[in-house]
Amino acid sequence: MADGYNGPKINLFDQTDESGISESDPEETEFEKEFLDINRRRSIRKHKGNTLSPTSPKVDYVSDMSLSPGTPRSNTVAGKMSVHSHKSPTTVPTSRISEIDVDELSGSDSEEPLFTAPPSSHLLCNICGRVLRRPVITTCGHTYCARCVLVSQSRQCPIDGTPLSLVLENIALRDQIGALIAYCRFGCALSNTGEKVFTGQACTDKITFNELRFHESQCPWSIVQCPNSTSCGTLLSKDLSEHLFECTNAKCRNQEFGCDVLGTAPQMEEHLSSCKFNVVRQVIESFKATVDGLVVEVRKQGKQLKEFSKVVAKLQADFNQRERLSDGRFSSLEESRVHYEGSLNETREMLNEMSNEMNSIQLQLGIVGNIESHVYKCKGTFVGHEGPIWSMVSWGHLLFSGSSDHTIKVWDTLANFTCLKTLHGHEGMVLSLCVNNGLLYSSASDSMICIWDIKTYQLVDTVTAHTNPICTLAANDKYLFTGSLRIIKVWDKTTLQTYRTLEGLNHWVRALVISNNKMFAGIYQAIKIWNTDTFECERVIDIKGGSVYSMVVTESRIICGTYDKGIFIQSLTNPRDTEVLKGHSGTVYCLGYLKSGGHTRLFSGAYDRTIKVWNLDKKIGLQTMDRHQGSVCCIVIARGKIFSGAMDSTIKVWQ
């Protein structure tokens with residue numbers, strides 16, 4: 001079983017880097033429940049029948065047909081098998097996971113193969129004890145078989161007792177397990193002690209675990225049933241062709257139309273030329289072809305009607321919206337004036353109150369001059385998303401937020417802090433947002449980029465950009481930059497075509513920053529700096545602390561939040577000038593930088609559910625804000641306010 005560390009966010013898919021280090025992030029478990037995309041397995045035909053007669057009296061061959069639904073399964077230990085009982089619950093709790101069908105995971109319940117070498121313990125499931133089938137990361141950060149999570153009676157993690165639900169597939173472990181080498185089950189047998197051993201008396205092939213199921217379905221030593229009649233008994237797959245030629249139970253092709261003649265295959269070919277049911281078959285097949293054509297045409301017309309209805313509904317909605325905007329234009333102007341006047345008065349009163357408090361504290365402490373006494377307080381909470389909030393960006397008085405509910409919400413931070421619009425376009429968690437030249441760019445776990453017009457909130461274009469989730473976005477006047485697993489892509493913003501691909505990175509790219517003509521990319525234990533004119537890598541800064549999850553670049557410093565709970569500060573001019581801020585008890589997911597009143601403030605959000613305020617000049621902590629009920633994933637500073645988005649599905653406003 002693959003355990004996670006205390007406090008990571010989106011290990012985005014628990015990938016193992018080239019150094020062999022794997023980071024497993026428990027908080028990933030709060031990803032959208034329906035994100036896990038289970039591809040349908042090949043349809044492998046199963047047959048029931050007798051087991052192959054053993055050539056040795058000490059062993060019995062094992063096959064699916066010799067195992068009834070109540071028969072115990074086996075578990076791999078040191079290359080052999082020890083028998084365990086295996087039960088299935090009468091009900092399957094799948095109500096929280098809408099897109100996964102337990103029947104699609106039926107292949108996960110097949111018998112354990114015999115591996116040529118014992119699998120590592122971290123590849124075993126702590127629920128069923130077997131090699132992981134369809135390994136998935138759950139809400140607690142641990143990895144189990146997908147089927148074990150879905151049909152678990154306790155629905156609790158056996159390690160820490162937290163409730164279980166699927167988050168996403170563990171790609172790294174899936175690939176490792178798929179590369180394990182196993183024996184074909186038709187070359188294995190059960191000894192007198194109940195252990196599964198390789199005999200070499202039938203199939204001697206050794207196959208990777210990924211291809212094992214397909215191989216066994218085609219294995220010449222597999223046991224099959226004669227398709228003509230069950231009275232023929234079972235036989236080996238390699239003997240089936242010869243048997244079918246001689247079998248006397250072959251049926252006429254017109255059997256479904258009433259012909260009951262039986263015989264060998266050659267006899268049936270001869271009979272078919274004179275079968276009296278040929279005419280019936282031809283009439284029925286012609287009628288069926290006509291009906292099938294009509295069904296296709298009806299479906300086509302229905303689809304066109306549905307699309308037409310959508311267009312009509314959209315036009316009606318646009319008309320209604322324009323009508324409402326026209327009616328409310330003059331009244332909204334007056335309301336805005338009143339609101340601005342009220343906000344200005346409130347701001348003046350707040351400044352006076354703060355000034356009085358400052359003077360009072362200075363007098364009490366006997367301190368002359370400016371002191372750092374500002375305390376940030378929570379002024380409100382945005383509620384509306386139905387899942388964790390992974391990304392935010394501001395533009396003027398608008399705040400955009402991306403969530404696990406596949407949506408982007410537009411918030412008014414000027415008037416009444418309400419949601420103005422909900423944007424739909426992604427089919428996965430919205431992981432990153434950026435604004436450039438009046439356009440909003442969004443990326444998600446569906447590997448797509450969506451481009452939105454900020455003024456109209458309309459979807460302008462979409463691009464399927466990567467084969468893995470896109471963790472981060474950045475843009476300058478010419479290019480859009482996207483970061484994913486071990487790769488950065490540079491896109492021409494005009495044509496939306498790939499301009500350059502930067503490959504060979506050692507891990508997920510979770511942080512990208514564009515500053516002047518430089519691109520800064522945070523990866524595993526390093527920050528790489530490229531020139532955006534030549535796309536040459538100019539510098540690599542080593543980071544002690546695991547993967548880089550967040551980054552801020554100022555005039556003189558690079559600041560990044562890391563996996564090991566620290567904030568790494570590196571001077572841009574002096575390579576030896578480095579410092580690390582410690583204070584969080586979990587991975588630092590987001591950073592915000594504010595320079596005001598002669599002071600520089602750094603805001604950091606982390607897995608420990610807190611936001612810390614730092615004096616960046618003195619490298620000391622000033623305040624800890626802990627109003628969130630989940631990990632803090634993103635921070636935006638705009639219009640004198642601090643906005644924080646978290647795994648508790650809320651956005652809080654601090655001032």
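What counts, and where the lines are drawn
Residues numbered from 1 in each chain as written. Predicted model: local features only at pLDDT ≥ 70, side-chain atom pairs only at ≥ 80, totals over all residues. Heavy atoms only, no water. Helix = DSSP H or I, 4+ residues; strand = E, 2+ residues; numbered from the N terminus. Contact = heavy atoms within 4.5 Å. Areas by Shrake-Rupley, 256 points an atom, 1.4 Å probe, with all protein chains shown as cover. Pairing = 2+ DSSP bridges. Axes fitted to C-alpha atoms, helices over the stretch in contact; angles between N-to-C directions. Phe/Tyr/Trp six-rings, centres within 6.5 Å; stacked < 30°, edge-to-face > 60°. Buried < 20%, exposed > 50% of the residue type's maximum accessible area, 1.4 Å probe, protein only. Lys NZ or Arg CZ within 6 Å of the ring centre and 35° of its normal. Core = buried A, V, L, I, M, F, W, Y, C linked by side-chain atoms within 4.5 Å. Arc of directions from axis to C-beta. Salt bridge = Lys/Arg side-chain N within 4 Å of Asp/Glu carboxyl O. pLDDT = per-residue confidence, 0-100. Patch = residues over 30% accessible without salt bridge, like charges linked within 9 Å, V, L, I, M, F, W, Y side chains within 5 Å.

Section: the overall build of the chain
The number of helices and strands found in the chain is six helices and 39 strands. Pairs at least 24 residues apart make up 47% of the contacts formed inside the chain by residues separated by at least 6 positions. Here the chain has roughly 33100 Å² of accessible surface; of this, 50% comes from carbon and sulfur atoms.

Remarks on the sheet that holds strand S28 (residues 518-531)
If you trace the six strands from one edge of the open sheet to the other, you get S27-S28-S29-S30-S31-S32, paired in antiparallel fashion. Each of the sheet's edge strands pairs with one partner strand only, and the pair in question is strand S27 (511-515) and strand S32 (578-581). Strand-to-strand twist in this sheet, taken as the mean axis angle between neighbours without regard to direction, amounts to 30°. In the sheet, S28 pairs with strand S29 (residues 537-553) via six bridges, with the strands oriented antiparallel. Note on S29: the bridge partner recorded for Ile529 is Arg539.

What about the environment of Val552?
Structurally, Val552 is set in strand S29. For the pair Val552 and Phe520, spaced 32 residues apart in sequence, the C-alpha to C-alpha distance is 9.4 Å. What Val552 contacts, discounting residues up to four positions off in sequence, is Arg557, Ile558, Ile559, Leu591, Gly592 and Tyr593.

Let's talk about the packing of aromatic side chains
If you walk through the whole model with that rule in mind, you get eleven aromatic pairs. Ring geometry for Tyr549 versus Tyr589: centroids 5.9 Å apart, planes at 45°, classification tilted. Here the residue Tyr549 occupies a position in strand S29, and Tyr589 occupies one in strand S33 (residues 588-596), the gap between them amounting to 40 residues. Accessibility expressed as a relative area gives 4% for Tyr549, which makes it buried. Three or more aromatic residues joined by ring pairs form one cluster here, namely Tyr479, Phe481, Tyr499 and Phe535. It is Lys238 that lies over the ring of Trp221; its NZ or CZ is 4.9 Å from the centre.

Topic: the pairing of strand S16 (residues 389-395)
Counted residue by residue, S16 has five buried out of seven residues, so it is predominantly covered. Where S16 and strand S17 (residues 398-403) come together, six bridges link them in antiparallel fashion. If you follow Val393 over to S17, its bridge partner there is Phe400. The antiparallel hairpin formed by S16 and S17 contains two residues in its connecting segment, where Gly396 sits at a positive phi of about 60°.

Description of unusual backbone geometry
Trans is the prevailing form of peptide bonds, just as negative phi is the prevailing case for residues other than glycine. Here Phe535, not a glycine, exhibits a phi torsion of approximately 55°, which is positive. If you trace the backbone, Phe535 turns up in the loop between S28 and S29. You can call Phe535 buried: its relative accessible area is 6%. Although it is not a glycine, Lys619 adopts a positive phi angle of roughly 60°. Considering the arrangement of structural elements, one finds Lys619 in the loop between strand S35 (611-615) and strand S36 (620-625).

Re the nonpolar core
Formed by 29 residues in total, the largest nonpolar core has its most connected members in Tyr144, Ile177 and Leu180. Take this core: its biggest share by element is five residues, from helix H1 (residues 146-151). Setting aside residues up to four positions removed in sequence, Leu180 forms contacts with Phe115, Pro119, Leu123, Val131, Ile207, Thr208 and Phe209. Within the second largest apolar cluster, 15 residues are counted, among which are Phe481, Ile488, Leu502 and Phe535.

Description of helix H5 (residues 265-272)
By the burial criterion, the buried members of H5 are Met268, His271 and Leu272. Down the axis, H5 shows its buried residues gathered within 95° of arc, on one side only. Looking at H5, the residues exposed on the side facing more than 90 degrees away from the buried face are Glu269 and Glu270.

What to know about helix H3 (residues 209-218)
Where H3 is concerned, the buried positions are Phe209, Leu212, His215 and Glu216. In a view along the axis of H3, the buried residues occupy a sector of 95°, so they form one face of it. For H3, the elements touching its buried residues are helix H2 (171-178), strand S7 (181-183) and strand S10 (206-208).

Notes on the pattern of salt bridges
Across all of its chains, the model carries ten salt bridges by this definition. In this structure, the salt-bridge partner of Glu169 is Arg134, at a minimum N-O distance of 3.7 Å. With Glu169 in strand S6 (residues 166-169) and Arg134 in the loop between strand S3 (80-84) and strand S4 (135-138), this residue pair connects regions lying 35 residues apart in the sequence. We classify Glu169 as buried; its relative accessible area is 12%. Overlapping salt bridges, with partners in common, bring together Arg134, Glu169, Arg174 and Asp175 in one network.

Description of the confidence of the model for the chain
The pLDDT averaged across the chain works out to 79; a share of 77% of its residues lies at or above 70. Throughout residues 366-371 the model reports pLDDT below 50, and contacts reaching past four residues in sequence, or to other chains, amount to eight contacts.

As for the pairing of strand S26 (residues 498-508)
Two elements, strand S25 (residues 479-492) and S26, share six bridges in a ladder whose sense is antiparallel. Paired with Ile488 across the bridge in S26 is Leu502. Counted between consecutive antiparallel strands, the loop separating S25 from S26 contains five residues, among which Leu496 sits at a positive phi close to 55°.

Digging into the sheet that holds strand S24 (residues 472-475)
Read from one edge to the other, the open sheet built from three strands follows the order S24-S25-S26, with strand pairing classed as antiparallel. Sheet topology places S24 and S26 at the edges, where each strand pairs with a single neighbour. Each neighbouring strand pair of the sheet contributes to a mean axis angle of 25°, computed without reference to strand direction.

Considerations on the environment of Met429
Assignment of secondary structure puts Met429 in the loop between strand S19 (419-424) and strand S20 (430-436). The spacing of Met429 and Ser443 is 14 residues in sequence and 8.5 Å in space, taken between C-alpha atoms.

A few points about a nonpolar patch on the surface
Judged by side-chain polarity, Phe287, Val291 and Val295 come together as a nonpolar surface patch covering roughly 260 Å² of accessible area. Within the secondary structure layout, Val295 lies in helix H6 (residues 278-365). Judged by relative accessible area, which is 35%, Val295 ranks as partly exposed.

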